[in-house]
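Next come the chains, spelled out residue by residue.
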Amino acid sequence: MNKINIALIGAGGMANGVHYPSLAEFEDVNLVGLCDLIPAKLQATAARFHIENTFTDYKQMLEKTSPDAVYVLMPPQHLFEPVIHCLSQGHHVFIEKPPGLTLHQVQEMALAAERNGCKTMVGFNRRFIPLMRQVKAIVEENGSIIQCMSTFHKNSPAALYYDGIIDVLTCDAIHAVDALRWLGGGNVKAVASDINSFDSDRENSFNAIVKFDSGASGYLCTNWAVGGRIHIFEMHALGISAYINPEVDGRAVIHTSEGVQELTTVEAAGTDANYKAYGFYGESRHFVDCIQGARQPDTCFADAVKTMALVEQIYRSRMN
Ligand SMILES: NC(=O)c1ccc[n+]([C@@H]2O[C@H](COP(=O)([O-])OP(=O)(O)OC[C@H]3O[C@@H](n4cnc5c(N)ncnc54)[C@H](O)[C@@H]3O)[C@@H](O)[C@H]2O)c1
């Protein structure tokens, strides 16, 4: 078996909660080094995942461990420089969402990846939720998706991301934008949007109708000033409709003329462990498989440019 050597930058919440638990289960991965600026987090995480080599300077880690790939898991305002450095040294790179503060940053990262022949991936985990993938495959047995909806609601009207360095849509509601692009076939033809501030000084509700090249109509419905965290999706093809609520209901309901079929989040994932049922394990598996198979991951930086461009287009396409 060809083993992939992976170095890790960041010993924070996502690293410990979902990404390193996933990587630690892969037989074809060696965790060759871990870096964090905070010694206590560094040592606790290294001990938990049995990582021998620890560093507080990521450049030193890359020199000493010569990894094939690097996970860079840190807040978006600190991401650009280490990502560009990793790519300049020819390392494949995995990052969380958002891929950058601006479309320009992500374009630069995509160019650097291409110039250096690197595989890259953004952790848009909704695409890797087993329930979402299985239901999408069932719907697409009837043909391509002609209508789709991506809804993300929260109850935190004044939410501020990283002291205000980045807006709600680019930082967090981008999950719904990326999932909509995935459902609609990936390429956007036209957008009309309605953006509002509810009970907040900041814009916190982003709604759009998106026309895709595929012919599909996509609907984005996000609002951070409503009842609570509800993240649901609809996928429709000729003669079939699926309504998917992977978190709160933990199920999808699929309607055809033959009747109604249900599938649960846990059935689809084969486990109720959140890091598997909510797509994190699957996205890391996809990244490692793509390195092994010398192909670009589905959510590579070049693809993330399209999601960031859609975010920009939503801002530019207000109906008034
Ligand atoms: N996919 C999802 O559903 C989801 C959910 C939550 C967060 N996220 C994203 O995950 C990313 C990371 O979030 P988090 O909550 O894990 O962050 P965190 O703040 O818990 O961890 C980041 C870690 O990076 C370290 N760090 C910062 N700069 C460093 C540097 N130069 N060198 C070494 N270490 C450095 C910090 O010390 C910290 O330990 C964010 O971009 C966030 O938006 C995604």
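No experiment lies behind these values; they were computed from the predicted model shown. (Residues numbered from 1 in each chain as written. Predicted model: local features only at pLDDT ≥ 70, side-chain atom pairs only at ≥ 80, totals over all residues. Heavy atoms only, no water.)

Trainee: Would you mind going over the overall build of the protein chain in detail, with residue names and values included?
Mentor: Across its full length, the protein chain carries eleven helices and 14 strands. A compact globule built from 320 residues should have a C-alpha radius of gyration of about 20 Å, and the protein chain, at 20 Å, falls within 12% of that. Taking the principal axes of the C-alpha coordinates as reference, the protein chain spans close to 60 × 45 × 35 Å. Looking at the protein chain as a whole, 54% of its 320 residues are labelled buried. Look at the contacts in the protein chain between residues 6 or more apart in sequence, and 69% of them connect residues 24 or more apart. Carbon and sulfur atoms make up 48% of the accessible area of the protein chain, which amounts to about 13,500 Å² in all. Each charge class in the protein chain can be summarised by its mean position, and for the 25 positive and 35 negative side chains these summaries are 3 Å apart. (Helix = DSSP H or I, 4+ residues; strand = E, 2+ residues; numbered from the N terminus. Rg over C-alpha atoms; globule rule 2.2 N^0.38 Å. Buried < 20%, exposed > 50% of the residue type's maximum accessible area, 1.4 Å probe, protein only. Contact = heavy atoms within 4.5 Å. Areas by Shrake-Rupley, 256 points an atom, 1.4 Å probe, with all protein chains shown as cover. Lys, Arg positive; Asp, Glu negative; His and termini not counted. Charge placed at Lys NZ, Arg CZ, Asp CG, Glu CD.)

Trainee: So what's going on with the sheet that holds strand β6 (residues 120-122)? Which residues, and what values?
Mentor: Ordered in space as β3-β2-β1-β4-β5-β6, the six strands form an open sheet in which the pairing is parallel. Looking at which strands have only one partner, the edges of the open sheet turn out to be β3 (54-55) and β6. In terms of strand pairing, strand β1 (residues 4-9) meets strand β4 (residues 69-72) through four bridges, oriented parallel. Note that in β4 the partner of Ala-7 across the bridge is Val-70. Along the sheet, helix α1 (residues 13-24) contacts β1, β2 (29-35), β4 and β5 (92-95); its crossing angle with β1, the most-contacted strand, is approximately 160°. Where helix α3 (residues 58-65) meets the sheet, its contacts fall on β1, β2, β3 and β4, and the angle it forms with β2 comes to roughly 145°. (Pairing = 2+ DSSP bridges. Axes fitted to C-alpha atoms, helices over the stretch in contact; angles between N-to-C directions.)

Trainee: Provide a residue-level description of the environment of Tyr-20, including the pertinent values.
Mentor: With respect to the element layout, Tyr-20 can be found in helix α1. Placed 204 residues apart in sequence, Tyr-20 and Trp-224 show a C-alpha to C-alpha distance of 30 Å. When neighbours within four sequence positions are excluded, Tyr-20 is seen to be in contact with Leu-8, Ile-9, Gly-10, Ala-15, Leu-34, Thr-45, Phe-49 and Leu-73. There is a polar contact of 2.6 Å between the side chain of Tyr-20 and the backbone oxygen of Gly-10. (Polar contact = N/O pair within 3.5 Å; in protein donor to acceptor, adjacent residues only side chain to side chain.)

Trainee: Residue-level account of α1, with values.
Mentor: With twelve residues, α1 ought to run about 16 Å at 1.5 Å a step, and its terminal C-alpha atoms sit 16 Å apart, in line with that. Those residues of α1 not exposed but buried are Ala-15, Asn-16, Val-18, His-19, Tyr-20, Pro-21, Ser-22 and Leu-23. (Expected span 1.5 Å × (residues − 1).)

Trainee: Any details on the pattern of salt bridges? Residues and values, ideally.
Mentor: Applying the stated rule across the entire model yields 15 salt bridges. Glu-140 is paired through a salt bridge with Lys-136; the nearest N and O atoms lie 3.1 Å apart. Linking Glu-140 with Lys-136, this pair stays in helix α6 (residues 130-140), spanning four residues, or about one helical turn. Since its relative accessible area comes to 35%, Glu-140 is described here as partly exposed. A relative accessible area of 13% places Lys-136 in the buried class. Several salt bridges converge on common partners, so that one network encompasses Arg-127, Asp-178, Arg-181 and Asp-303. (Salt bridge = Lys/Arg side-chain N within 4 Å of Asp/Glu carboxyl O.)

Trainee: Provide a residue-level description of unusual backbone geometry, including the pertinent values.
Mentor: Cis geometry marks the peptide bond from Lys-97 to Pro-98, where omega comes out at -5°. When you line up the elements, Pro-98 lands in the loop between β5 and α5 (103-116). Positive phi values are uncommon outside glycine, yet Ser-66 reaches one of about 40°. The backbone phi angle of Asp-199 is positive, close to 55°, even though this residue is not glycine. Within the element layout of this structure, Asp-199 appears in the loop between β8 (188-196) and β9 (205-212).

Trainee: Residues and numbers for the domain arrangement of the protein chain, please.
Mentor: As assigned here, the protein chain comprises domain 1 (4-125) and domain 2 (127-273 + 301-316). A separation of 27 Å is found between the C-alpha centroids of domain 1 and domain 2. On the domain 2 side, the residues contacting the 25 residues of domain 1 number 20 residues. Interface area lost by domain 1 to domain 2 is led by Leu-103, Phe-124 and Asn-125, which between them contribute 36%. Where domain 1 meets domain 2, there are one salt bridge. A salt bridge links Asp-172 to Lys-97, with the shortest nitrogen-to-oxygen separation between them at 3.9 Å. Summed over the shared surface of domain 1 and domain 2, the result is six residue pairs in polar contact (both at pLDDT 80 or more). For the side of domain 1 that touches domain 2, the elements supplying multiple residues, two or more each, are α4 (80-88), β5, α5 and β6. (Domains from an automatic or database assignment. Buried area = accessible area lost by both parts, 1.4 Å probe.)

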